[in-house]
Amino acid sequence: MRAVVSAPVAAAVLTYRALDRLLGPLVRPILRGLGELAFLQRLGWAIADAPPYVVLALLAVPFLLIEPLKALSLYWMAVGHPWEGGAALAVCHLLSILTSERVLHLGKPKLMTIPWFATGYVFVADVRDRALAWLHATAAWRLGLAAADRAKAVARRWFGA
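Residues numbered from 1 in each chain as written. Predicted model: local features only at pLDDT ≥ 70, side-chain atom pairs only at ≥ 80, totals over all residues. Heavy atoms only, no water.

Secondary structure assignment for the chain yields seven helices and zero strands. Moving toward the C terminus, one meets the helices and strands of the chain in the order α-α-α-α-α-α-α. By the burial criterion, 22% of the 161 residues in the chain qualify as buried. Sequence-distant contacts in the chain: of pairs separated by 6 or more residues, those separated by 24 or more amount to 69%. A total of about 11,100 Å² of accessible surface is found on the chain, and carbon and sulfur atoms cover 72% of it. (Helix = DSSP H or I, 4+ residues; strand = E, 2+ residues; numbered from the N terminus. Buried < 20%, exposed > 50% of the residue type's maximum accessible area, 1.4 Å probe, protein only. Contact = heavy atoms within 4.5 Å. Areas by Shrake-Rupley, 256 points an atom, 1.4 Å probe, with all protein chains shown as cover.)

This is how it looks when you write it as structure tokens:
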């Protein structure tokens, strides 16, 4: 049976994936640079060495602060404030990458020792992988990739990059 996805859900998934594609290459050099700072290296080691439930608390705090703001950003976009909502979503996504995703990356081995967390993580990762497989199979995704390729080509011509 073919899954039916509503237009707002498809738009949200496309927006999120587009932000991930756009911000990822911009953020990676920043993360590498920050990762070379001694105090952040020590913080990373402390997170990696912390007990599982301490890592979970460190993950929960930024997650609980940032994720609701992402939903609010999508709401702003849906009710007629696309620029404000889009900017807020981009900022929230960037903050998420710099905090939650970093803590998850550093603490994942410890977190996976918590049985219920490991089960939930595997379930969510499976849902994510299935949703992305569906998304990548859509005509909208292919059109978006083609538009992105054209935009990159134009940017290369304009900026000589």
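On to the environment of Lys108, then. Looking at the element boundaries, Lys108 is found in helix H5 (residues 100–111). For Lys108, a relative accessible area of 30% corresponds to the partly exposed category. Taking the C-alpha atoms as reference points, Lys108 and Ala118, ten residues apart in sequence, are found 9.3 Å from one another. Sequence-distant contacts of Lys108, that is, excluding residues within four places in its chain, are made with Val103 and Tyr121.

We now examine helix H7 (residues 139–159). Here H7 is 21 residues long and its end C-alpha atoms lie 30 Å apart, about the 30 Å a rise of 1.5 Å per residue gives. Looking one or two places after H7, you find Gly160, whose phi comes out positive at around 65°. (Expected span 1.5 Å × (residues − 1).)

Put simply, helix H3 (residues 52–78) and H5 touch, their axes get as near as 9 Å, and they point 160° apart. Comparing their axes, H5 and H3 come out roughly antiparallel. In this structure, the crossing between H3 and H5 has a hand that is left-handed. Between H3, through Pro52, Val55, Leu56, Leu58, Leu59, Pro62 and Phe63, and H5, the contact on the second element is made entirely by Ser100, Val103, Leu104, Gly107, Lys110 and Leu111. (Axes fitted to C-alpha atoms, helices over the stretch in contact; angles between N-to-C directions. Parallel < 35°, antiparallel > 145°, perpendicular 65-115°, else oblique. Left-handed = near helix turned anticlockwise from the far one by under 90°.)

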